[in-house]
Each structure stands twice: as C-alpha cells, then as structure tokens.
Amino acid sequence: MSTVTPEIVKAFAPTGKLRAAINQGNSVLVQKQADGSEPKGITIMLAKELGKRLGVPVELVLFNAAGEVFAALKEGKWDVAFLAIEPVRAAEIEFSAPYVIIDGTYMVRKDSPLKEVDDVDKPGIKIAVGVGSAYDLYLTRTIKNATLVRAPVGGGRAMIEMFVNDKLEAAAGVRQPLEDYAKSHPEMRVMKGAFQQIQQAMGTPKKGSETGKAGAAYLAKFVEEMKASGFVADALKRSGQVAQVAPPAK
C-alpha cells in the first residue's frame, strides 16, 4: 500500500474520524444482529481495516437502503461508502473498482409463465423494485416495455412485500435475499439468469481538490489489496455469505 500521508488522512477523516456509510438493506454485505448490537459483515470489516490503516477511529453511519446513503451525500454525513457502481451515483461519488459482484435477478411465482430474465420486459408486466436501489437505477435505464413499481424503501424486503401484497408479476432484487425468501416460500421461484451484475465498490464524495484525488487513489489501491490478499474472500466466509470476489481492476 502507499504511505499514509497527512493529506490522505485529511481526505478520509476531515472530522478526525472515518465516517463509514453502511447500507443495512443488502444482507450479503451487512447482517443486522437480533440483539441490536453492531451489525456484522464484509463492509464493516473493510471500514475498520481502512480506519486501522489510516490510524483514525471509525464511526459506522447506518442506513436502511442504498438510496438513503446516496441522499446523505449532499448533507455531508459520510466520508466513505459501500455502494454498487451506477452512473447516477458516479456523477457525485469517486468509486473504487468493485470488490464483490452479485446478481440482480427476478423472483416470480412458481406457476408464472415468465421463465427467463428476458421474458420479463413485456407490456403489462409490473416489476417491484426498492426505490433508489442499484437494480432500480439499472432497470430504469434498460427496461423498455414492462413497468417498474417502486417500494418506498429501497432495502430489505420492501419490494418483496409489494410484489406479494399487490400481486405484481415479478420482484427484482439481489439474488441471495430473494433465494432466502423462496426457500421458505415454495410457491415462489428465483430465475437462474441475471439481468445485471451488480458491482459493489467503495466510494468517497467527489472533490476537485488534490486532497480528494489523493484519497480516491489510495482507496483504489486499498480495494485491490483487499481482494488480492484474500481479505475480501475471508470476510465473506466469516460472515456466512457466498458471493463472487471481483477480479483485479484493469
């Protein structure tokens, strides 16, 4: 890793601590604890490792959905975040390369005539999505014929509840939570294919200053080391999650 200079510390911790935005809506990356204690997961581990390298304390700033994390950027509530790379976000966030890649796919009822991902984008089909989620942003750009119906909350099971309660044709989401739901609801089926490879990355607010650029460059190298060293794979294993470690950045 590059040497940690005062400029890099200032880039990440202008308040003297690293404020890490944690999206609790993605169970692959964060796992809430039943007793209300600090959440666990790969994003928590990465945030603490970054804070350790910088020599600053870490404050976890908890959010329930990715859309909330992005909205909080304008209020200056965080210094580093864990979000999927999306063009709308990349206009305001300096992203690293991804550290984990996960599928965006659909869940339908077992007897649904929709068999493959490509079957879903048809007139009359209504797709439940969580507002502001990576798959909401992606499908907003790419869906031509179907209609997106947005649950007011972007994280967790809000889109599943809307899909079930409003009798919509499909629910879009991250594969693992959809499959977890389908395991206990045999009347549901998760498609094998994916409409999107969601690239989960770390990011900092875009700053035009040299300090901001130094911080972004350091973060890019940090993520590459975390993948190459096995830290990412180990963090997924320790948190009981199965996901693809992203390949090295080109």
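Look a little higher up for the structure.
First things first, this report covers the structure right here in the doc. (Residues numbered from 1 in each chain as written. Predicted model: local features only at pLDDT ≥ 70, side-chain atom pairs only at ≥ 80, totals over all residues. Heavy atoms only, no water.)

Take the packing of aromatic side chains next. In total, this model carries four aromatic pairs according to the counting rule given. Their ring planes at 70 degrees and their centres at 6.1 Å tell us that Phe12 and Tyr218 sit as a pair that is edge-to-face. Linking Phe12 in helix H1 (residues 6–12) with Tyr218 in helix H8 (residues 210–228), this pair joins segments that are 206 residues apart in sequence. By relative accessible area, which is 1% here, Phe12 ends up buried. Aromatic side chains Tyr106 and Phe195 sit 4.7 Å apart centroid to centroid with 40 degrees between the ring planes, which places their arrangement in the tilted category. Taken together, the positions of Tyr106 in strand E5 (residues 100–109) and Phe195 in the loop between strand E9 (188–190) and strand E10 (196–205) put the pair 89 residues apart, joining distant regions of the chain. Relative accessible area serves as the criterion here: at 11%, Phe195 is assigned to the buried category. Sitting above the plane of the Phe163 ring, Arg109 keeps its charged end 4.4 Å from the centroid. (Phe/Tyr/Trp six-rings, centres within 6.5 Å; stacked < 30°, edge-to-face > 60°. Helix = DSSP H or I, 4+ residues; strand = E, 2+ residues; numbered from the N terminus. Buried < 20%, exposed > 50% of the residue type's maximum accessible area, 1.4 Å probe, protein only. Lys NZ or Arg CZ within 6 Å of the ring centre and 35° of its normal.)

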